[in-house]
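# Fold and geometry: a report
Listed here are the chains, written in short residue letters.
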Amino acid sequence: MATITVPPSPLSPVEDAKKLRKAFQGLGTDEKTVIEILSHRSAGQRLAIAKAYAHLYGESLLERLHSELSGDFRKAVMLWTMDPAERDAKLANKALKRKGDRDLWVIIEVACASSPDHLVAVRKAYCSLYSSSMEEEVAQSFSTVHPLSKLLVRLLTSYRYSGDHVDSELAKYEAALLSDAVKSNQIGHDDVIRILSSRNKSQLKETFKYYNENYGKHIVEDIEVIDKNQFTRLLKTAIWCLASPENHFAEVVRTSVVGLGTDEDSLTRAIVTRAEIDLEKIKEEYKIRYKTTLRADVIGDTSGDYKRFLLALVGSEDP
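Computed from a predicted structure; not experimentally measured.

## Brief notes about the domain arrangement of the protein
- In terms of domain boundaries, the protein breaks down into domain 1 (13-81), domain 2 (84-156), domain 3 (168-243) and domain 4 (245-307).
- The C-alpha centroid of domain 4 is placed 27 Å from the C-alpha centroid of domain 3.

Given below as structure tokens:
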């Protein structure tokens, strides 16, 4: 489901580091070489290149990229080159300072669209970088009795079973609990937050399936008729990230390119964070929902080296 292509026999990290060093020297930067190397290396390979670069030249590869590149191209390459857990921790910290809906999408993505082990790694990186935990920052950003605070803290501190085991009777029972909460306009109830924050993703998909079959609509459709406050809006985002992350990230890309101007930060985040996970599925969902391709919209809304780098991560589209 990843979209990046890695050569079957890539150069050693030392050789890649040397080629990057050469790309930085002389008059101007050889951006083409930077793209060719970094966009076609896995996370582990990129970290090995950064380590080799620091050993060979006594400077940080990220710092050198910062000084050599500029604009949205620089942001994208640096996010891609970072350790993924550290990258997501930094994105989360920036989001918590702003606290808008689309900012808080980042927190929900980390909590709900990550593997359990990656979420733990992000939380550790956050503590190391900022001397506080993400859940502590959430609690300080919102009232502790606010349902959004409860939801985000529970999602962040969850360590879900990552297997596919499903208990059908439990799914039916919890679908009924969710329906009762929706009908009584109590979607901030502890049962709702407990179910969403503790069950494995296969179990949740089964619960949402029973909800749809027995109560006539997808739970998100029912939530949409309740007060459209920040909690309900972000609860829907959490459900999509848990049940169908490709649906959520297709929306992130689409909303970043439609209308006046482009939200480059959101576009970059969606592509960089998912290119090694499920960007292929996101591209499929994008084509179904919007009757165009993700690649075509990237071409239409970006330019220069930034466009070339994103397209290298997005990969080709099926005809």
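More follows now that the structure is in view.
## Some thoughts on the layout of surface pockets
- Considered as a void within the structure, the largest pocket measures approximately 570 Å³ in volume.
- When contributions to the lining of the largest pocket are tallied by element, the ones reaching two or more residues are helix 5 (71-81), helix 6 (84-98), helix 7 (101-112) and helix 17 (264-274).
- In terms of residue count, helix 6 provides more of the lining of the largest pocket than any other element does, six residues in total.
- Approximately 470 Å³ is the volume found for the second largest pocket.
- The wall of the second largest pocket is formed by 28 residues, among which S114, K201, K205, L242 and P245 lie closest to the centre.

## Overview of the pattern of salt bridges
- On inspection of all chains with the given rule, the structure shows 25 salt bridges.
- The salt bridge partner of R64 is E68, with a shortest N-O separation of 2.8 Å. Within this pair, R64 and its partner E68 are both found in helix 4 (residues 61-68), separated by four residues, close to a single helical turn.
- Between K209 and E206 there is a salt bridge; the shortest N-O distance is 3.4 Å. Of this pair, K209 and E206 both sit in helix 13 (residues 201-215), three residues apart, which is roughly one turn of the helix.
- Among the residues examined, K209 registers a relative accessible area of 36% and is labelled partly exposed.
- Residue E206 is classed as buried on the basis of its relative accessible area of 16%.
- What emerges from the salt-bridge pattern is a single network uniting R21, E59, R64 and E68.

Analysis parameters
- Residues numbered from 1 in each chain as written.
- Predicted model: local features only at pLDDT ≥ 70, side-chain atom pairs only at ≥ 80, totals over all residues.
- Heavy atoms only, no water.
- Domains from an automatic or database assignment.
- 1 Å grid on protein atoms, 1.4 Å probe; cavity = no way out; pocket = protein on both sides within 12 Å on 5 of 7 lines; lining within 4 Å.
- Points joined across faces, edges and corners; volume = space filled by probe spheres on them.
- Helix = DSSP H or I, 4+ residues; strand = E, 2+ residues; numbered from the N terminus.
- Salt bridge = Lys/Arg side-chain N within 4 Å of Asp/Glu carboxyl O.
- Buried < 20%, exposed > 50% of the residue type's maximum accessible area, 1.4 Å probe, protein only.

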